[in-house]
Amino acid sequence: MESLYLLIPLSVLLVVVIGALFWNAIRGGQFDDLEGPAHRVLQDDDRPEGRSPYNEGDEEKNN
């Protein structure tokens, strides 16, 4: 019975901490866009390694 005096307040404190962390994640925009990363994987650019869109103009200058 005496252990309940310790376990009940600890469990209530744990629920409050988890609720505060969840509320902070919601306010921070953690769950705003759940489908965007999945679509970005499918729209990935399939260029060969070593070629990036940033240095394509440099190859034309060197030739």
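Please read all numbers here as calculations on a predicted model, not as lab measurements.

(A) Structural view of the overall build of the protein. In terms of regular secondary structure, the protein is built from three helices and zero strands. Going residue by residue from the N terminus, the α and β elements of the protein occur as α-α-α. Counting every position in the protein, which comprises 63 residues, the buried fraction comes to 2%. When the accessible surface of the protein is split by element, carbon and sulfur atoms take 59% of a total near 6300 Å².

(B) Structural context of the confidence of the model for the protein. Here the protein shows a mean pLDDT of 81. Residues at 70 or above account for 68%. When pLDDT is averaged over each helix and strand of the protein, the minimum, 56, is found for helix α3 (residues 56-62) and the maximum, 96, for helix α1 (residues 4-27).

(C) Region of interest: a nonpolar patch on the surface. Together, M1, L4, Y5, I8, V12 and V16 make up an exposed nonpolar region whose accessible area comes to about 670 Å². Positionally, V12 belongs in helix α1.

(D) A look at the packing of aromatic side chains. With the rule as written, the count across this model stands at one aromatic pair. Where F22 meets F31, the ring centres are 5.9 Å apart and the plane angle is 45°; that geometry is what we call tilted.

(E) Structural view of α1. Its 24 residues place the ends of α1 34 Å apart at the C-alpha level, agreeing with the 34 Å of an ideal helix rising 1.5 Å per residue. G29 lies just past α1 and shows a positive phi near 85°.

Rules behind the numbers
Residues numbered from 1 in each chain as written. Predicted model: local features only at pLDDT ≥ 70, side-chain atom pairs only at ≥ 80, totals over all residues. Heavy atoms only, no water. Helix = DSSP H or I, 4+ residues; strand = E, 2+ residues; numbered from the N terminus. Buried < 20%, exposed > 50% of the residue type's maximum accessible area, 1.4 Å probe, protein only. Areas by Shrake-Rupley, 256 points an atom, 1.4 Å probe, with all protein chains shown as cover. pLDDT = per-residue confidence, 0-100. Patch = residues over 30% accessible without salt bridge, like charges linked within 9 Å, V, L, I, M, F, W, Y side chains within 5 Å. Salt bridge = Lys/Arg side-chain N within 4 Å of Asp/Glu carboxyl O. Phe/Tyr/Trp six-rings, centres within 6.5 Å; stacked < 30°, edge-to-face > 60°. Expected span 1.5 Å × (residues − 1).

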